[in-house]
Amino acid sequence: MNHPSLPLTSRTGFRFRVRTALPVDDGTVADFFTHVTRKDLRFRFLSAVNTVATAQITALTHVDHRWSENFLAFTHDGSMMIATAMLACDPTFEHGEVAIVVRQDFKRNGVGWELLAHVARFADLKGVGILQAIESCDNHDALEVERDMGFTVEPYPGDTTLMLVTRKLDRDGLPAALVAEAVA
């Protein structure tokens, strides 16, 4: 990983690095998705996916930085990609949608929590008013993290298999208690 990255530390003390995706990351992102469970692929793409198509990889690495960003998380030494967090905003920045997926062997380290906090801070700096995610009702781990971070969870209109998760962003992108915790 020869591109500038930001060091992050999760609530569990797990240290990793995050940076924005670049077009040269196509192969890295494609390889990453071969280490994600089918269940997590379904949760990330909200459909039955066995493999992530080239067009989907390209959408994650060739982003229009005005409206979206895809963050790639790597082990602290940069040797392995462990997660991705996409933020896609509407042109008015009224809403930003986030989607995160973590490699199975790096779950339970707080990576998803810290990535969501990172995306919320970034979205707030971009001026996004409401951060939201669309989750499968079966994605209990993500829903728990989002609830813990102060997101509201409601049934998705017109689809009983999905939940709409929202959080109005404030000055810091997170509730004050979470900002204090993230800084500590």
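As a reminder, the structure under discussion sits directly above these lines.
Residues numbered from 1 in each chain as written. Predicted model: local features only at pLDDT ≥ 70, side-chain atom pairs only at ≥ 80, totals over all residues. Heavy atoms only, no water.

**Q** Any details on the environment of alanine 73? Residues and values, ideally.
**A** Secondary-structure assignment places alanine 73 in strand β3 (residues 68–75). In this structure alanine 73 comes out as buried when scored by relative accessible area, which is 0%. Residues alanine 73 and leucine 87, 14 residues apart in the sequence, show an inter-C-alpha distance of 14 Å. In this view, alanine 73 contacts Phe16, Arg17, Val18, Met80, Met81, Ile82, Ala83 and Leu115; residues no more than four positions away in its chain are not counted. (Helix = DSSP H or I, 4+ residues; strand = E, 2+ residues; numbered from the N terminus. Buried < 20%, exposed > 50% of the residue type's maximum accessible area, 1.4 Å probe, protein only. Contact = heavy atoms within 4.5 Å.)

**Q** Which residues make up the nonpolar core, and what values go with them?
**A** Counting residues in each nonpolar core, the largest one holds 33 residues, and the members touching the most others are Phe16, Ile82, Ala83, Val111, Leu115, Val119 and Leu131. If you list the elements that add at least two residues to this core, you get β2 (15–20), β3, β4 (81–89), β5 (95–102), α4 (111–126), β6 (130–136) and β8 (159–168). Here the element with the most residues in this core is α4; it accounts for 8 residues. When near neighbours in sequence (up to four residues on either side) are disregarded, phenylalanine 16 contacts Leu6, Pro7, Leu8, Ser10, Ala73, Phe74, Thr75, His76, Ile82, Val111, Glu114 and Leu115. (Core = buried A, V, L, I, M, F, W, Y, C linked by side-chain atoms within 4.5 Å.)

**Q** Describe the environment of glutamate 97, listing the residues and the values that go with them.
**A** Relative to the elements of secondary structure, glutamate 97 occurs in strand β5. Exposure remark for glutamate 97: the relative accessible area of 32% places this residue in the partly exposed category. Linking glutamate 97 and histidine 65, residues 32 residues apart in sequence, is a C-alpha distance of 14 Å. Once residues lying within four places of it in the same chain are set aside, the contact partners of glutamate 97 are Met86, Leu87, Ala88, Gln132, Ala133 and Ile134.

**Q** Any details on the pairing of β5? Residues and values, ideally.
**A** Sheet topology note: the β4/β5 ladder contains 7 bridges and is antiparallel. Its bridge partner being in β5, alanine 88 is matched across the sheet by glutamate 97. Here β4 hands over to β5 after 5 residues, with phenylalanine 93 in that stretch at a positive phi of 60°. Pairing analysis gives 3 bridges linking β5 to β6, with the strands arranged parallel. Each residue of the ladder has a partner; that of glutamate 97, found in β6, is glutamine 132. Assessed by its sense of winding, the connection that carries the chain from β5 through α4 to β6 is right-handed. (Pairing = 2+ DSSP bridges. Right-handed = clockwise from strand over helix to strand, strands pointing away.)

**Q** How would you sum up the side chain of threonine 75? Please name residues and give values.
**A** Examined against the element boundaries, threonine 75 turns out to sit in strand β3. Taking relative accessible area as the criterion, threonine 75 reaches 10% and is therefore assigned buried. At a separation of 2.7 Å, a polar atom in the side chain of threonine 75 contacts the side chain of aspartate 77. Not counting the four nearest positions on each side in its chain, threonine 75 is found in contact with Phe16, Arg17, Met80, Ile82 and Phe106. (Polar contact = N/O pair within 3.5 Å; in protein donor to acceptor, adjacent residues only side chain to side chain.)

**Q** Give me the sheet that holds β4: which residues, what numbers.
**A** The 8 strands lie next to each other as β1-β2-β3-β4-β5-β6-β8-β7, forming an open sheet whose pairing is mixed. With partners counted over all chains shown, the strands left at the sheet margins are β1 (6–9) and β7 (152–156), one partner each. Averaged over all pairs of adjacent strands, the angle between their axes in this sheet comes to 30°, without regard to strand direction. Two elements, β1 and β2, share 4 bridges in a ladder whose sense is antiparallel. If you follow threonine 9 over to β2, its bridge partner there is arginine 15. Its contacts with the sheet put helix α2 (residues 38–45) on β4, β5 and β6, and the angle it makes with β5 is roughly 175°. (Axes fitted to C-alpha atoms, helices over the stretch in contact; angles between N-to-C directions.)

**Q** Break down the pattern of salt bridges for me, with residues and values.
**A** Here the structure, examined in full by the defined rule, presents 6 salt bridges. Put simply, aspartate 25 and arginine 19 hold a salt bridge, and the shortest N to O gap is 2.8 Å. With relative accessibility at 3%, the residue aspartate 25 sits in the buried group. Taking the relative accessible area as the measure of exposure, arginine 19 reaches 4% and is therefore buried. (Salt bridge = Lys/Arg side-chain N within 4 Å of Asp/Glu carboxyl O.)

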